[in-house]
Amino acid sequence: QVQLVESGGGLVQVGGSLSLSCTSTERAFNRYIMAWFRRAPGKEREFVSAVMNDGRSTWYSDSVKVRFTISRDNAKNTVYLQMNSLQPEDTAVYYCAQPGREMFFTRDQSTYTYWGQGTQVTVSS
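Being a predicted model, the structure only gives us computed values, none of them experimental.

(A) Highlighting the overall build of the protein. Along its length, the protein carries 0 helices and 11 strands. Order of helices (α) and strands (β) in the protein, N terminus to C terminus: β-β-β-β-β-β-β-β-β-β-β. In terms of overall dimensions, the protein is globule-like: its C-alpha atoms have a radius of gyration of 13 Å, near the 14 Å expected for 125 residues. Its C-alpha atoms put the protein at 40 × 25 × 25 Å along the principal axes.

See below:
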């Protein structure tokens, strides 16, 4: 069973920055796309960003494009999400996700098999 462990959430003021990390126990981590999703209070979980297995291709939701940067270090089995210019609407629980098979990019949450426990990001105005 693959486990994903997130860290790096917290409380930040508007315009501030936070960096999230997610480490996977998957031995073949470098074969899998990795993604970040978030669930804001009272809303459904939504796609945030994804990075292909080799780190060369990335995708972002329109709401975070330019402000957030996803990256990965396959030697450390870790994916990162650098979040800049944070806004109150970024307040959410952030989850990293990994599929159970090799696949190309999708925003479809149902195709991701493994999920982290979530880390809270709160942006105060």
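There's plenty left to go through after this.
(B) Region of interest: the nonpolar core. Ranked by size, the top nonpolar core spans 26 residues in total, and within it W36, F68, L81, M83 and Y94 carry the most contacts. Only β3 (18-24), β4 (34-39), β5 (46-51), β7 (68-73), β8 (78-83), β9 (92-99) and β11 (119-124) provide two or more residues apiece to this core. The residues contacting Y94, other than those within four sequence positions of it, are E6, L20, W36, F37, R38, V48, F68, L81, M83, G118, T119 and V121. Listed in part, the 11 residues of the second largest apolar core include A35, F37, A50 and W59.

(C) Up close: the state of the cysteines. In the structure shown here, the tally under the stated rule is 1 disulfide. Disulfide partner of C22: C96, at an S-S distance of 2.0 Å. The disulfide joining C22 to C96 has a torsion of about 55° about its S-S bond and is therefore right-handed. With a gap of 74 residues between them, C22 in strand β3 and C96 in strand β9 connect regions that are remote in the sequence. Of the residues examined, C22 reaches a relative accessible area of 0% and is grouped as buried. With a relative accessible area of 0%, C96 lands in the buried category.

(D) Spotlight on the sheet that holds β8. Taken together, the 4 strands give an open sheet; going across it, the order is β1-β3-β8-β7, and neighbouring strands pair in antiparallel fashion. Either end of the sheet is taken by a strand with one partner, and the two such strands are β1 (4-7) and β7. The sheet shows a mean angle of 15° between the axes of neighbouring strands, taken without regard to direction. Alignment of β1 against β3, held across 4 bridges, turns out to be antiparallel. Each residue of the ladder has a partner; that of V5, found in β3, is T23.

The rules behind each value
- Residues numbered from 1 in each chain as written.
- Predicted model: local features only at pLDDT ≥ 70, side-chain atom pairs only at ≥ 80, totals over all residues.
- Heavy atoms only, no water.
- Helix = DSSP H or I, 4+ residues; strand = E, 2+ residues; numbered from the N terminus.
- Rg over C-alpha atoms; globule rule 2.2 N^0.38 Å.
- Core = buried A, V, L, I, M, F, W, Y, C linked by side-chain atoms within 4.5 Å.
- Buried < 20%, exposed > 50% of the residue type's maximum accessible area, 1.4 Å probe, protein only.
- Contact = heavy atoms within 4.5 Å.
- Disulfide = S-S within 2.5 Å.
- Pairing = 2+ DSSP bridges.
- Axes fitted to C-alpha atoms, helices over the stretch in contact; angles between N-to-C directions.

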